[in-house]
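Chain by chain, the residues run as shown.
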Amino acid sequence: MALLLCVASLLLALSGGALLPTQPRDANYWALVREYRSSIRGAPERLAAMPQEEIRLAVDGAVGSRAADAADLRAAAVMHSEAWYRAVTSRDASASFHVAQAERLLDAAVRIEPKQLVFAIRWVDVMMGLSLELNQHGTAKLLAGSAVRLQDTSPARLRALSYYREGLSFEHHAGTRSRRLTASSIAMRAEVDDADIKWWAAAAGQYQHALELDPTFHSAALHLGRVRMLQRKGEDAARLFAQAERSDDPREVYLALLLGGSLDERAGRFDAAELKYREALRRYPAGQAAPLALSQLLSRTAREAEARAVLAAALNPARGRLVEPLWTYLRPARIDLGYLAGLLDELRVEVLR
Amino acid sequence: MKGAALLLAAFVIAAQQQTFRSEADAVRVDALVTDGGRPIAGLTAADFVVTDNGLPQKIDAIAIEDVPLSMMLALDASDSMRGRPFEDLKEAASAAIALLLPVDRVAVLTFSEQLRWIAPWSGARDRAGAAVKTLRAGGGTSLADAAYAALTLRDEQPGRRSLALIFSDGTDTASWLPESIVAEKAGRFDGVVFAVVLGNEGNNSLMHRSGIQLLREEWSSLAGRQLLLELADTTGGEVYREATAARLKETFTRIVKEFRTRYLLTYTPSDKSAGWHGIEVKLKSGNGRIRARRGYSR
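Owing to the predicted nature of the structure, the values given are computational and were not obtained by experimental measurement. (Residues numbered from 1 in each chain as written. Chains lettered and ligands numbered in written order. Predicted model: local features only at pLDDT ≥ 70, side-chain atom pairs only at ≥ 80, totals over all residues. Heavy atoms only, no water.)

### A closer look at the overall build of chain A
The test is simple: Strands are runs of DSSP state E lasting at least 2 residues, helices are runs of H or I lasting at least 4, and numbering of each runs from the N terminus. Buried means the residue's accessible area, taken with a 1.4 Å probe over protein chains only, is under 20% of the maximum for its type, while exposed means over 50%, and partly exposed covers the values in between. All accessible-area figures derive from a Shrake-Rupley calculation using a 1.4 Å probe, and residue coverage is judged against the displayed protein chains alone.
The helix and strand tally for chain A stands at 18 helices and 0 strands. Each of the 353 residues in chain A was classed as buried or not, and the buried ones make up 53%. Summed over its atoms, the accessible surface of chain A is roughly 15500 Å², and 56% of this surface lies on carbon and sulfur atoms.

### Focus on the packing of helix H5 (residues 70–89) of chain A against helix H6 (residues 95–112) of chain A
The description of two packed helices rests on the angle between their axes and on the distance between the axes. Residue and element names in this part refer to chain A. Quick reminder of the rule: To get an axis, a line is fitted to the C-alpha atoms, and for a helix only the part in contact is used. The angle between two axes follows their N-to-C directions and goes from 0 to 180 degrees. Should an angle lie under 35 degrees it is considered roughly parallel, over 145 roughly antiparallel, and from 65 to 115 roughly perpendicular; all remaining angles are considered oblique. Each crossing is labelled by how the near helix is turned from the far one, with a counterclockwise turn of less than a right angle marking it left-handed and a clockwise turn marking it right-handed. We call two residues contacting when some pair of their heavy atoms lies within 4.5 Å. Residue polarity is assigned by list, with Asp, Glu, Lys and Arg as charged and Ala, Val, Leu, Ile, Met, Phe, Trp, Tyr, Cys and Pro as nonpolar; anything else, Gly included, falls into the polar class.
Between H5 and H6, the least distance of the axes is 8 Å, while the angle of their chain directions is 165°. The orientation of H5 with respect to H6, classified from their angle, is roughly antiparallel. The crossing of H5 and H6 is left-handed. On H6, the residues touching Ala70, Leu73, Arg74, Ala76, Ala77, His80, Ser81, Ala83, Trp84, Ala87 and Val88 of H5 are Ala95, His98, Val99, Gln101, Ala102, Leu105, Leu106, Ala108, Ala109 and Ile112. For the contact of H5 with H6, the per-class residue count stands at 16 nonpolar, 4 polar and 1 charged.

### Thoughts on the pairing of strand S1 (residues 27–35) of chain B
Residues and elements named next belong to chain B. Spelled out, the test is: Pairing between strands is defined by DSSP: at least two bridges between the two strands are required.
Counting buried positions along S1 yields 8 of 9 residues, so the element is predominantly enclosed. Inspection of the sheet shows S1 paired to strand S12 (residues 263–267) by 5 bridges, in the antiparallel sense. Across the sheet, residue Val27 finds its bridge partner in S12, namely Tyr267. Note: S1 against strand S14 (residues 289–291), 3 bridges, orientation antiparallel. Paired with Leu32 across the two strands is Arg291, which belongs to S14. Pairing of S1 with strand S2 (residues 38–39) involves 2 bridges; the strand directions are antiparallel. Bridged to Asp35 within S2 is Arg38.

### Describing the confidence of the model for chain A
Residues and elements named next belong to chain A. Our working rule: Within a predicted model, pLDDT stands for the predictor's per-residue confidence, ranging from 0 to 100.
Put simply, chain A has an average pLDDT of 83, and 86% of its residues get 70 or more. The model gives residues 12–23 a pLDDT under 50, and that stretch makes 4 contacts with residues more than four places away or in other chains. For the stretch residues 179–192, pLDDT sits under 50, and the model shows 49 contacts to residues farther than four places along the chain or on other chains.

### Points about the side chain of A:Glu103
All names here are of chain A. Tracing the sequence through the fold places Glu103 in helix H6. What makes Glu103 buried here is its relative accessible area of 14%. Sequence-distant contacts of Glu103, defined by excluding residues within four places in its chain, comprise Trp123, Leu142, Ser146 and Arg149.

### What to know about the layout of surface pockets
In plain terms, the rule: The definitions used throughout rest on a 1 Å grid laid over the protein atoms alone, on which a cavity is an enclosed set of points accommodating a 1.4 Å probe that cannot get out and a pocket is an open set flanked by protein within 12 Å on both sides along at least five of seven lines; lining residues are those having an atom within 4 Å of a point. Grid points are joined across faces, edges and corners, and a volume is the space filled by probe spheres set on the points.
Approximately 1200 Å³ is the volume found for the largest pocket. Residue lining of the largest pocket: 39 residues in total, with A:Arg321, B:Arg116, B:Arg136, B:Gly138 and B:Gly139 positioned closest to the centre. Elements with a contribution of two residues or more to the lining of the largest pocket: helix H3 (43–49), H5 and helix H18 (345–351) of chain A together with strand S7 (105–111) and strand S8 (115–122) of chain B. Sorting elements by how many residues they give to the lining of the largest pocket places H5(A) first, with 3 residues.

Okay, here's the thing in structure tokens:
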């Protein structure tokens, strides 16, 4: 017995411990992905520091498995997208590696869970836009190829997307032109400039086309709802926000509740508004606009102590960096303001738990 | 005997209710009195005339230096402040904090797109100062949201006078709240708002606003005016425009020093109706310039 133990110890020593049960080699990678899903701190930087071979093995394992979690795959793709952005802006050669991993992960997510196709299309759209802004034409061409592949699987959504993008441009343009509107109100006076009217109408037209082509395009419903609200067509707006609330995308649901709540508040339906703001906060606790909206409503309705408590909790610096869906609402605005990194927040919101 | 006890109890309860009502109803007005730009000292309640909705009021109390101060600093930490201007801002904030007395309290709020309450209310000036030193600039500007937060998160400790000092380099790009709502909040804030603006105020072109008007009535007084001007005007404060960040330290310290020369007048209004109450403060002598809040909302 003693001899057997001796031999076993020798073999163990010679194997460098390889015979012992070990952590799976991809455990670090997936731990990072899960951390990324719950908090916005630091994960993309740590991913950038991880050996590419370790990353490739982890991704190989996931894309080859039918048991992988589609939500984790999606989150990993967004994490690689952030790593890609950092690599591009710091002129690091790893940029193409990260975007390739992101594509592989999203392909796998769609295979496992077909409804992830909607997210994959959004990813391609955001990344193509960002690539062009960053003069990464090689990446843009690669992504254009992905778009062509997706065309076969969701032709209606791809066609609707081009109208949606036009709608975003008009909506952004109308917002920057409208002096009264840009002071946050629909208008300080009842009438709106003729110049304003045509831009809002143009935005509405594009979103309307998008919805006709794809009635499940909740983003188009959300944006058309806001435009209708600004055109003082409250009933249309409420119906469109209700539609957007049925989305699987937490970002769209949050914004629909926030905007729908503000519509109620404007109409003096304070109880209904409060319910919507609270629901927005519950559905996506990592925002800032919903607690602000709720706080000011509580303050207006003489519940100052509650207003203060909601606000103080929202502004606690321990929350870290927030990803507020409102800031991702208008992609052209983000580009105009030069906040290119912020374009990825549109994807980031969707993967946070 | 039982009847007398009941009568006494009723009298005590009524007295307590009266006291409670008068504390809750009291209106405090911070008034700066100057002559040729220099604060006038040594005035008493008898020197002032205060009207509330046009009705003359009896001044219950007047105080000046001996009322502890609660100072909220709301600082713009957006992308446009990067570099030397941000270092100048931090220096200015530190200098303002250093002027506080041991009885005073301070809180610091920063805003880019995101608002952060980096130093909640405390008498620990070194903690607030340390928090300011670690600040970094980056991101958009949620000015209206920050102004709302500065007014809402006022110090709740009683018996203090509130100063909100809001600094921005101007253009709001990310707030959710409409300016009209924030301006309306100022009517319910019994402190004073001072604003310091760096450079020219932008055209306030916004990308992310809710696009709503939450108040049913038109807030026409805001048309063409800037939010900070409205807040300062409503509360009896001032807006300082500086061309360069190098002047911020001088401006911040001037604001704190000047605030201590203001008179705090307290009165119980004869008219307690709900709604807006316009306040006017004058000197009986007619000399001097007075800067005080325009009114309040009940």
